[in-house]
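Each chain is listed here by its residues.
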Amino acid sequence: KSGINAEYGGLIRIGLRSVNISRLFCYSSMPSAIPMDELKAAVAQQGAIVRKLKESKPAPDELTAAIAELKIRKLALSNAEKAATDLKKPKVDRAKFENLMKRRFFYGAAFSLYGGVAGLYDFGPAGCALKANMVNFWRNHFVVEENMLEVECTMLTPETVLRASGHVERFTDIMVKDAKTGECYRADHLLEAHLEKALEGKGLSDEKKEEMNAVLRQLDNFGLQQIGELIKKYGCKAPVTNNDLLDPAEFNLMFGTSIGPTGLVKGFMRPETAQGIFVNYKRLLEYNQDKIPFAGAQIGQSFRNEISPRSGLLRVREFCQAEIEHFLDPEDKSHPKFKNVKDVKIKFYPCEAQMAGTDFLHITVGEALEKGVIQSETLGYFLARIQQYLSAVGIPEENLRFRQHLGNEMAHYACDCWDAECKTTYGWVEIVGCADRSCFDLNAHAKASSTKLVAKQTLDTPVTREVVEVALNKAAVGKGFKKEAGGVTAAIHDMEDEDKLKMKEQLVSDNFKLVVGDKSYEITPAMVKSIEKVSKTEHVREFVPSVVEPSFGIGRILYCILECNFKVRENDEKRTWLDLPPLIAPTKCSVLPLSTMPDFAPYVEELSAALRKLAFLTRLKILLDQLDGGTLELMKLEFLSVSLSISIQ
């Protein structure tokens, strides 16, 4: 207030010292004028001056002036950081958005008459139509375009299948409980909310802010012990009661059940649609005339017993998935159509950038492959196709990025994984995962079921190599294992050569314990005639295919489409509407006669019938002759994002 030039900065006279605040003070009115790095450097420089002055015991006025300038610089930096954060946040009034969803029944809480159940939602007419249009386009974009083999598998899954896939032991999230009430919270979400709230407050040093931001960047990389230590370090409490929290523990996310009246067959509601494709691999390979590569696809419901469902459709307990399992040769991960997408630009956010706190890379898929950001043409091809799908259904590319999973975050079955994330009012939200599952699933199911899940390739030039062959006494094996003899025989022949030689060595003095899945069998010396190394000429190469898996959360994508296309009229904040692409709009066309006179009826029916033949979902409205009434009717159509209106005059 003391002669400051509000536009260009100026001088403040404090005691004997002039403090030059220059551009720093006016940053709030010119947020793009000063780079963030320059502001941070200015704060660090002035902080060093203040520390030196304190050590040298200067005149009080001089120290006061230096501290005043440091506060001004810190304020400028704080304003700049806030402005940068505000720019990154989508400008959507979530309360108005949710009100529109509720009023027009796109979706709503299930069983609301009885108070509802967290994490369960029903779709209304508009939501069902929107979802159906999304799924239909997904089929055309992927299944039809790529000649994929679509299946529909049961949702109820025996425990043996999910134990083999690793879900029984490792499909978990980390949970903490309120020490007094027993209320459960997902630990990483609770820690994230606590740190974000702390960063919004005042009084934190720059070092503390950077430390907290580093934790937030790497939050998905922390395990059980690290999460527990961080919760204690930052003093996290239960959100509602402010009570202490118990030590974190792992919680399996699958819904358990029993199959049949005896309750002896344990099962689960499937946590993903992928396993249905894997267990049908042999049938699909046969259907595809034993040719690799090929892809299986499935759309259906999955179930996860989320610890603390929140954020509407973004974290629910029952949801629709659309998954692809692309089977390919692990020694050849090229893709014949990669050339079609190599120039597609994508925002890549690799592990290194996340750990260092740097920004994403906005480069083409071809450049990403050349620089080693992605490891294969097939993975890059699907990332590009995913972006093309999301853009077509209404998610702006500026709201999208592809983030690579950190080491500890990686699923137990994946060797590399990228998430398509959309920027929403809840922050960055994962909507599609694209994982390189290598050979994990087929190997796991082959071992547990004692069934070969392989592909074969005829070699141009035969290859001679040394292998270990086991000759069994079939009579002794049959007598010892009866109905299970076939599975035991297959398991022995599928053993690695090294394990076969170990078995030979052990059988000299003792029985050999063969483990197949969760069962073990005693192989006696009498059951084995010989185990010998032999030279074998192979004309066919046998291998277990690798898998690249794009996995789409249909509900999450639907939510992001709605939020990204939610609009508010200028100068009339009460008028909210949706601007959905015609490709997926719930109602494609409205037919609006200007009068209720009977003369209009034949034309309305003829036009509506013609549109229905084109598979358009039409909406018949009577448009009143008065101007106000007509405007009101058109506004109602606007709420539902009707793409085209035809009036009959």
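On a predicted model such as this, the values are computed, not experimentally measured, just so you know. Along each chain, residues carry numbers from 1 onward, in the same order as the chain's sequence is written. The predicted origin of the model limits local features to residues at a pLDDT of at least 70 and limits the giving and counting of side-chain atom pairs to 80 or more, whereas totals for whole chains, interfaces and linings rest on all residues. In computing side-chain properties, one takes all heavy atoms of the structure into account and sets aside hydrogens as well as water.

### Comments concerning the layout of surface pockets
Reasoning step 1: The way it works is a 1 Å grid over only the protein atoms, where trapped points that fit a 1.4 Å probe form a cavity and open points with protein on both sides within 12 Å along at least five of seven lines form a pocket, and then any residue with an atom within 4 Å of a point lines it. Grid points are joined across faces, edges and corners, and a volume is the space filled by probe spheres set on the points. In this structure, the second largest pocket encloses a volume near 1,300 Å³.
Reasoning step 2: Residue lining of the second largest pocket: 37 residues in total, with Lys452, His493, Asp494, Met495 and Glu496 positioned closest to the centre.
Reasoning step 3: Helix and strand definitions follow DSSP, with helices as H or I runs of at least four residues and strands as E runs of at least two, each counted in order from the N terminus. Counting residues per element, the lining of the second largest pocket draws most heavily on strand 22 (residues 528-543), at seven residues.

### Some words on the pattern of salt bridges
For side chains bearing opposite charge, pairing can occur when the charged atoms are close.
Reasoning step 1: Any carboxyl oxygen of Asp or Glu within 4 Å of a side-chain nitrogen of Lys or Arg constitutes a salt bridge here. As enumerated under the stated definition, the model contains 30 salt bridges in all.
Reasoning step 2: Here Lys333 makes a salt bridge to Asp436, at a shortest N to O gap of 2.8 Å. Here Lys333 is found in the loop between strand 13 (318-328) and helix 12 (338-341), whereas its partner Asp436 is found in strand 18 (residues 427-438), with 103 residues between them in sequence.
Reasoning step 3: Members of the salt-bridge network, linked through shared partners, are Glu145, Glu146, Lys337 and Arg385.

### Overview of the sheet that holds strand 9 (residues 249-252)
To summarise the sheet geometry, strands pair through backbone hydrogen bonds and adopt either a parallel or an antiparallel arrangement.
Reasoning step 1: In this description, strands pair whenever DSSP reports at least two bridges between them. Overall, antiparallel pairing links the three strands, which are arranged 8-7-9 in an open sheet. Sheet topology places strand 8 (184-186) and strand 9 at the edges, where each strand pairs with a single neighbour. Taken pair by pair, the neighbouring strands of this sheet meet at an average axis angle of 50°, ignoring direction.
Reasoning step 2: Inspection of the sheet shows strand 7 (residues 172-177) paired to strand 9 by four bridges, in the antiparallel sense. From the neighbouring strand, Thr172 faces strand 9, where its bridge partner is Asn252. Fitting a line to C-alpha atoms yields each axis, with helices limited to the stretch in contact; the angle taken between N-to-C directions then spans 0 to 180 degrees.

### So, the nonpolar core
Reasoning step 1: Counting residues in each nonpolar core, the largest one holds 72 residues, and the members touching the most others are Trp138, Tyr389, Leu390, Ile431, Phe552, Ile557 and Leu562.
Reasoning step 2: Among all residues touching Ile431, those that are not within four sequence positions of it are Leu390, Ile395, Leu400, Ala420, Cys422, Ser551, Phe552, Gly553, Arg556, Ile557 and Cys560.
Reasoning step 3: Throughout, nonpolar core names a set of buried Ala, Val, Leu, Ile, Met, Phe, Trp, Tyr and Cys residues whose side chains join them through atoms within 4.5 Å. Only protein chains enter the calculation, and the probe is 1.4 Å; a residue is then buried if its accessible area is under 20% of its type maximum, exposed if over 50%, and partly exposed in between. Counting residues in hydrophobic clusters, the runner-up holds 20 residues, among them Met495, Met503, Leu507 and Ile523. By the convention used here, residues are in contact when the closest approach between their heavy atoms is within 4.5 Å.

### Considering the packing of helix 4 (residues 125-144) against helix 15 (residues 377-392)
Reasoning step 1: In contact at an axis separation of 11 Å, helix 4 and helix 15 are set at 145° when each is read in the N-to-C sense. The element helix 4 and its partner helix 15 pack so that their crossing is right-handed. Between helix 4 and helix 15, the contacting residues are Met134, Phe137, Trp138, His141 and Phe142 on the first element and Arg385, Ile386, Gln388, Tyr389 and Ala392 on the second.
Reasoning step 2: Looking at the contact of helix 4 with helix 15 residue by residue, the classes come out as seven nonpolar, two polar and one charged. The handedness criterion is simple: a crossing whose near helix is rotated anticlockwise from the far helix by less than a right angle is left-handed, and one whose near helix is rotated clockwise is right-handed. Only Asp, Glu, Lys and Arg are considered charged, only Ala, Val, Leu, Ile, Met, Phe, Trp, Tyr, Cys and Pro nonpolar, and every remaining residue, Gly among them, polar.

### Side note on the side chain of Glu146
Reasoning step 1: Looking at the element boundaries, Glu146 is found in the loop between helix 4 and strand 5 (149-150).
Reasoning step 2: The exposure class of Glu146 is buried, given its relative accessible area of 16%.
Reasoning step 3: Setting aside residues up to four positions removed in sequence, Glu146 forms contacts with His335, Lys337, Tyr381 and Arg385.

### Section: the side chain of Lys500
Reasoning step 1: Relative to the helices and strands, Lys500 resides in helix 19 (residues 497-507).
Reasoning step 2: In terms of polar contacts, Lys500 uses its side chain to reach the backbone carbonyl oxygen of His493, at 3.3 Å. Distance and chemistry together define a polar contact, namely a pair of N or O atoms within 3.5 Å, with one atom able to donate a hydrogen and the other to accept it when in protein, and with adjacent residues in sequence counting only for side-chain atoms on both sides.

### Thoughts on the confidence of the model for the protein chain
Reasoning step 1: Residues with a pLDDT of 70 or more make up 89% of the protein chain, whose mean pLDDT is 86.
Reasoning step 2: Along the chain, pLDDT gives the predictor's confidence residue by residue, from 0 to 100. Of all the helices and strands in the protein chain, strand 1 (residues 11-14) carries the lowest mean pLDDT, 37, while strand 5 carries the highest, 98.
Reasoning step 3: Low pLDDT, under 50, characterises residues 1-33; the stretch is placed with 56 contacts to residues that sit more than four places away or in other chains.
Reasoning step 4: Note that residues 624-630 has pLDDT below 50 and, in this model, five contacts with residues that lie over four places away or in other chains.

### Observations regarding helix 16 (residues 440-449)
Reasoning step 1: Three or more residues of helix 16 are buried, namely Asp441, Leu442, Ala444, His445 and Ala446.
Reasoning step 2: At its buried positions, helix 16 is contacted by helix 5 (159-164), helix 10 (274-279), helix 11 (281-287), strand 13 and strand 18.
Reasoning step 3: Count one or two residues on from helix 16 and you reach Ser450, which has phi positive near 55°.

### Quick look at the pairing of strand 7
A regular strand carries its side chains on alternate faces of the sheet.
Reasoning step 1: As defined by bridge partners, strand 7 adjoins strand 8 across three bridges and the pair is classed as antiparallel. Bridging from a neighbouring strand, Val176 pairs with Tyr185 of strand 8.
Reasoning step 2: The turn joining strand 7 and strand 8, which pair antiparallel and follow one another in sequence, is formed by six residues; a positive phi near 80° is taken by Gly182.

### Some words on the sheet that holds strand 6 (residues 156-158)
Reasoning step 1: Read across the open sheet, the three strands follow the order 6-11-10; overall the sheet is antiparallel. Because the sheet does not close on itself, it has two edges, and the strands there are strand 6 and strand 10 (255-259). Strand-to-strand twist of the sheet, defined as the mean angle between neighbouring strand axes without regard to direction, takes the value 40°.
Reasoning step 2: Two strands pair when backbone bridges link them, and strand 10 and strand 11 (residues 265-269) are joined in this way by five bridges, in the antiparallel orientation. Looking at strand 11, one finds that Ser258 is bridged to Lys266.

### A short note on the packing of aromatic side chains
Reasoning step 1: Classification of ring pairs uses Phe, Tyr and Trp, with its six-membered ring standing for Trp, and accepts pairs whose centres are within 6.5 Å; under 30 degrees between planes counts as stacked, over 60 as edge-to-face, and the remaining range as tilted. Taken as a whole and judged by the stated rule, the model has 17 aromatic pairs.
Reasoning step 2: Consider the rings of Tyr107 and Tyr121, whose centres lie 6.1 Å apart with planes at 75°: the pair is edge-to-face. Taken as a pair, Tyr107 in strand 3 (residues 107-109) and Tyr121 in strand 4 (residues 121-123) lie far apart in primary sequence, 14 residues in all.
Reasoning step 3: For Tyr107, a relative accessible area of 9% translates into the label buried.
Reasoning step 4: For Tyr121, a relative accessible area of 31% puts it in the partly exposed group.
Reasoning step 5: Ring centres of Tyr426 and Tyr559 lie 6.1 Å apart, and the angle between their planes is 50°; this geometry places the pair in the tilted category. Of this pair, Tyr426 sits in the loop between strand 17 (416-424) and strand 18 while Tyr559 sits in helix 20 (residues 554-564); the two residues are 133 residues apart in sequence, bridging distant segments of the chain.

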